[in-house]
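Below are the chains, spelled out letter by letter.
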Amino acid sequence: MARTSPSEFFNQVKAEARKVVWPTRQETVTTAIFVGVMMLILSVFFLGIDTLFGYAVRLLLQLA
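Reference entry: report on the structure contained in this document. (Residues numbered from 1 in each chain as written. Predicted model: local features only at pLDDT ≥ 70, side-chain atom pairs only at ≥ 80, totals over all residues. Heavy atoms only, no water.)

### What about the overall build of the protein chain?
Right, on to step 1. A count of helical and extended segments in the protein chain gives 2 helices and 0 strands.
Right, on to step 2. Its C-alpha atoms give the protein chain a radius of gyration of 26 Å, clearly above 11 Å, the size a compact globule of 64 residues would have.
Right, on to step 3. Taken along its principal axes, the extent of the C-alpha atoms in the protein chain is 75 × 35 × 10 Å.
Right, on to step 4. Going through the 64 residues of the protein chain one by one, you find that 0% of them count as buried.
Right, on to step 5. About 6400 Å² of surface is accessible on the protein chain, with carbon and sulfur atoms providing 73% of the total.
Right, on to step 6. Taking the average location of the 6 positive side-chain charges in the protein chain and that of its 4 negative ones, the two points are 6 Å from each other. (Helix = DSSP H or I, 4+ residues; strand = E, 2+ residues; numbered from the N terminus. Rg over C-alpha atoms; globule rule 2.2 N^0.38 Å. Buried < 20%, exposed > 50% of the residue type's maximum accessible area, 1.4 Å probe, protein only. Areas by Shrake-Rupley, 256 points an atom, 1.4 Å probe, with all protein chains shown as cover. Lys, Arg positive; Asp, Glu negative; His and termini not counted. Charge placed at Lys NZ, Arg CZ, Asp CG, Glu CD.)

### Looking at the pattern of salt bridges
Right, on to step 1. In the structure shown here, the tally under the stated rule is 1 salt bridge.
Right, on to step 2. Here K19 ties to E16 by a salt bridge, and the two come within 3.1 Å at their closest N and O atoms.
Right, on to step 3. The exposure class assigned to E16 is partly exposed, which follows from its relative accessible area of 47%. (Salt bridge = Lys/Arg side-chain N within 4 Å of Asp/Glu carboxyl O.)

### Some thoughts on the environment of T24
Right, on to step 1. For T24, the location among the structural elements is in the loop between α1 (6-18) and α2 (25-63).
Right, on to step 2. On the basis of relative accessible area, T24 is assigned to the partly exposed category, the value being 42%.
Right, on to step 3. As for T24 and V37, which are separated by 13 residues in sequence, their C-alpha atoms are 20 Å apart.

### Thoughts on a nonpolar patch on the surface
Right, on to step 1. Taken together, the side chains of V29, I33, F34, V35, V37, M38, I41, L42, F45 and F46 present a nonpolar region at the surface, about 940 Å² in accessible area.
Right, on to step 2. Residue I33 is classed as exposed on the basis of its relative accessible area of 54%. (Patch = residues over 30% accessible without salt bridge, like charges linked within 9 Å, V, L, I, M, F, W, Y side chains within 5 Å.)

### Considering the environment of Q26
Right, on to step 1. Structurally, Q26 can be placed in helix α2.
Right, on to step 2. Placed 23 residues apart in sequence, Q26 and R3 show a C-alpha to C-alpha distance of 42 Å.

Given below as structure tokens:
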């Protein structure tokens, strides 16, 4: 493995950083809204599942 000097390393890092394509503000807002909506939907879903399983466990414990 060839060793590179620190200055060459930082030049390569800067060259790679220039290739990064950053999302637009609109893409960021759209993605954030989508994540928020999905988080809300999944939290309600898991609340329902947890409630259902809790009810089932209480029912089974009453039978014992």
